[in-house]
Amino acid sequence: MQSSGHRFRDVEHHPLLAENDSYDSSSSEADMAERVWFIRDGCGMVCAIMTWLLVVYADFVVTFVMLLPSKDFWYSVINGVLFNCLAVLALSSHLRTMLTDPGAVPKGNATKEYMDNLQLKPGEVIYKCPKCCSIKPERAHHCSICKRCIRKMDHHCPWVNNCVGEKNQRFFVLFTMYIALISAHALVLCGFQFFSCVRGQWTECSDFSPPVTVILMIFLCLEGFLFLTFTAVMFGTQIHSICNDETEIERLKSEKPTWERRLRWEGMKSVFGGQPSLLWINPFAGFRIRRLLLRAKKGGPEFSV
């Protein structure tokens with residue numbers, strides 16, 4: 001299909017929006033920036049709630065079953081502060097991943113006016129997504145759950161109820177890292193607790209009865225092992241993808257790169273921002289409570305599923 005000296009390619013050959021359609025790309029993007037991002041997907045919301053409940057359960061067992069009954073004051077204080085700080089960082093990273101726009105392309109921007117503003121070269125091919133009626137930027141893919149095209153989409157993760165894309169990948173990496181750390185910490189504490197209980201009296205190592213203590217700790221060990229395995233693998237996969245400037249979708253589809261790759265540190269700096277610093281591991285960096293409240297007042301969720 002010819003349009004303004006360039007070619008328009010569409011897999012399903014859907015027509016462009018009419019010129020008289022009332023779509024304003026600049027106002028649409030500004031409107032998106034002023035709204036809170038949240039996906040109303042039943043499965044995703046259940047998984048997100050389960051994630052929080054499992055972290056709260058682990059914190060309960062570590063704090064009230066293992067640390068508070070301990071006779072070693074500094075052992076309890078140091079491990080309690082460390083575990084709870086890691087838990088707060090993990091849940092904060094989860095929230096930032098879930099509530100951050102992953103890089104959604106504005107809906108319905110496939111208009112002649114919008115394409116004219118792109119200043120395309122003659123004969124240049126552009127792609128339109130037939131599902132959300134938008135011009136697909138390079139490396140963007142359509143998510144059937146978010147019902148949007150996402151820039152540099154890596155995958156859709158139900159545990160964070162969102163896509164992992166260009167704008168929230170950093171928070172997802174932090175989420176997997178902190179969950180892996182608190183899982184490893186919980187397993188180590190469980191090992192010490194079992195050892196101390198076996199050496200001494202079970203009635204003295206916890207304020208709960210021995211059967212309840214054993215059941216709670218066994219469930220925590222299973223949870224810690226499963227989450228440590230899953231998040232450690234996911235963390236390593238994400239770091240590998242960032243260093244190779246290749247998303248999981250691109251790797252699975254064996255897509256040949258048509259872009260200039262940012263390898264290793266350049267890729268890390270593009271995702272985490274700037275030179276290596278403590279801000280890289282801080283999920284609160286760039287967060288503005290006042291801005292979030294203003295967004296919530298202006299329109300609530302950006303869209304729902």
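On a predicted model such as this, the values are computed, not experimentally measured, just so you know.

Peer 1: Explain a nonpolar patch on the surface to me, please; I cannot follow it from the model alone.
Peer 2: On the surface, a nonpolar cluster with roughly 400 Å² of combined accessible area is contributed by Ile-215, Ile-218, Phe-219 and Leu-222. Summarising the element assignment, Ile-215 is placed in helix α6 (residues 210–244).

Peer 1: Got a minute to help me understand helix α8 (residues 265–272) in this structure?
Peer 2: Structurally, the α-helix is built with 3.6 residues per turn, so residues lying three or four positions apart point the same way. When we look at burial in α8, the residues that qualify are Gly-267, Met-268, Val-271 and Phe-272. Angular distribution of buried residues about the axis of α8 spans 115°; they occupy a single face of the element. Buried residues along α8 sit in contact with α5 (169–199) and α6. Immediately downstream of α8, the backbone of Gly-273 shows phi near 90°, a positive value.

Peer 1: What's the story with the packing of aromatic side chains in this structure? I'm lost.
Peer 2: The geometry of an aromatic ring pair comes down to the distance between the two centres and the angle between the two planes. In this structure the tally under the stated criterion is six aromatic pairs. Relative to Phe-208, the ring of Phe-60 lies with its centre 6.2 Å away and its plane at 75°, an arrangement referred to as edge-to-face. One end of the pair, Phe-60, is in helix α2 (residues 42–67); the other, Phe-208, is in the loop between α5 and α6, and 148 residues separate them in sequence. The class for Phe-60 is partly exposed, based on a relative accessible area of 34%. Residue classification places Phe-208 among the partly exposed positions, given a relative accessible area of 29%. With a centroid separation of 6.5 Å and 45° between ring planes, the pair formed by Phe-172 and Phe-175 is classed as tilted. A residue pair is termed a helical-turn pair when its members lie 3 or 4 positions apart in one helix, as Phe-172 and Phe-175 do in helix α5 at three residues. Phe-175 carries the same exposure label as Phe-172, and that label is buried. Cluster of aromatic residues (ring-pair linked, three or more members): Phe-60, Phe-64 and Phe-208.

Peer 1: Would you explain the pattern of salt bridges in this entry?
Peer 2: Opposite charge on two side chains makes pairing possible when the charged atoms of those side chains draw close. Counted under the stated rule, the structure contains five salt bridges. Put simply, Asp-245 and Arg-139 hold a salt bridge, and the shortest N to O gap is 3.0 Å. Taken as a pair, Asp-245 in the loop between α6 and α7 (248–252) and Arg-139 in the loop between β4 (134–136) and β5 (140–143) lie far apart in primary sequence, 106 residues in all. Assigned by exposure class, Asp-245 and Arg-139 land together as buried.

Peer 1: I keep staring at the state of the cysteines and nothing clicks. Help me out?
Peer 2: Here, the word disulfide means a covalent bond between the sulfur atoms of two cysteines. Overall, the coordinates contain zero disulfides when judged by the stated rule. The thiol of Cys-143 is not disulfide-bonded; the next cysteine sulfur, from Cys-163, is found 3.2 Å away. When its relative accessible area of 3% is taken as the criterion, Cys-143 is described as buried. Cys-190 takes part in no disulfide bond, and the closest cysteine sulfur to it belongs to Cys-221, at a distance of 3.7 Å. The class for Cys-190 is buried, based on a relative accessible area of 1%.

Peer 1: Is there a simple way to explain the packing of α2 against α5 in this structure?
Peer 2: Think of two packed helices as two axes; the pair is described by the angle between the axes and how far apart they sit. α5 packs onto α2 with a crossing angle of 30° between their chain directions and a minimal axis gap of 11 Å. By the angle class used here, α2 and α5 are roughly parallel. Of the two elements, α2 crosses α5, and the hand of that crossing is left-handed. The segment α2 lies against α5, with Thr-51, Val-55, Val-62, Val-65 and Met-66 engaging Phe-175, Ile-179, Ile-182, Ala-186, Leu-189, Cys-190 and Gln-193. Class assignment of the residues belonging to the contact of α2 with α5 gives a composition of ten nonpolar, two polar and no charged.

Peer 1: Help me out: how do you make sense of unusual backbone geometry in this one?
Peer 2: Where the residue is not glycine, phi is negative for most of them; where a peptide bond is considered, it is trans in most cases. Even without being a glycine, Lys-152 presents a positive backbone phi close to 45°. Looking at the element boundaries, Lys-152 is found in the loop between β6 (148–151) and β7 (155–157). One non-glycine residue, Asn-161, lies in the positive phi region at around 50°.

Thresholds applied
- Residues numbered from 1 in each chain as written.
- Predicted model: local features only at pLDDT ≥ 70, side-chain atom pairs only at ≥ 80, totals over all residues.
- Heavy atoms only, no water.
- Patch = residues over 30% accessible without salt bridge, like charges linked within 9 Å, V, L, I, M, F, W, Y side chains within 5 Å.
- Areas by Shrake-Rupley, 256 points an atom, 1.4 Å probe, with all protein chains shown as cover.
- Salt bridge = Lys/Arg side-chain N within 4 Å of Asp/Glu carboxyl O.
- Helix = DSSP H or I, 4+ residues; strand = E, 2+ residues; numbered from the N terminus.
- Buried < 20%, exposed > 50% of the residue type's maximum accessible area, 1.4 Å probe, protein only.
- Arc of directions from axis to C-beta.
- Contact = heavy atoms within 4.5 Å.
- Phe/Tyr/Trp six-rings, centres within 6.5 Å; stacked < 30°, edge-to-face > 60°.
- Disulfide = S-S within 2.5 Å.
- Axes fitted to C-alpha atoms, helices over the stretch in contact; angles between N-to-C directions.
- Parallel < 35°, antiparallel > 145°, perpendicular 65-115°, else oblique.
- Left-handed = near helix turned anticlockwise from the far one by under 90°.
- Nonpolar A, V, L, I, M, F, W, Y, C, P; charged D, E, K, R; others polar.

These values are about where atoms sit, not about what they do.
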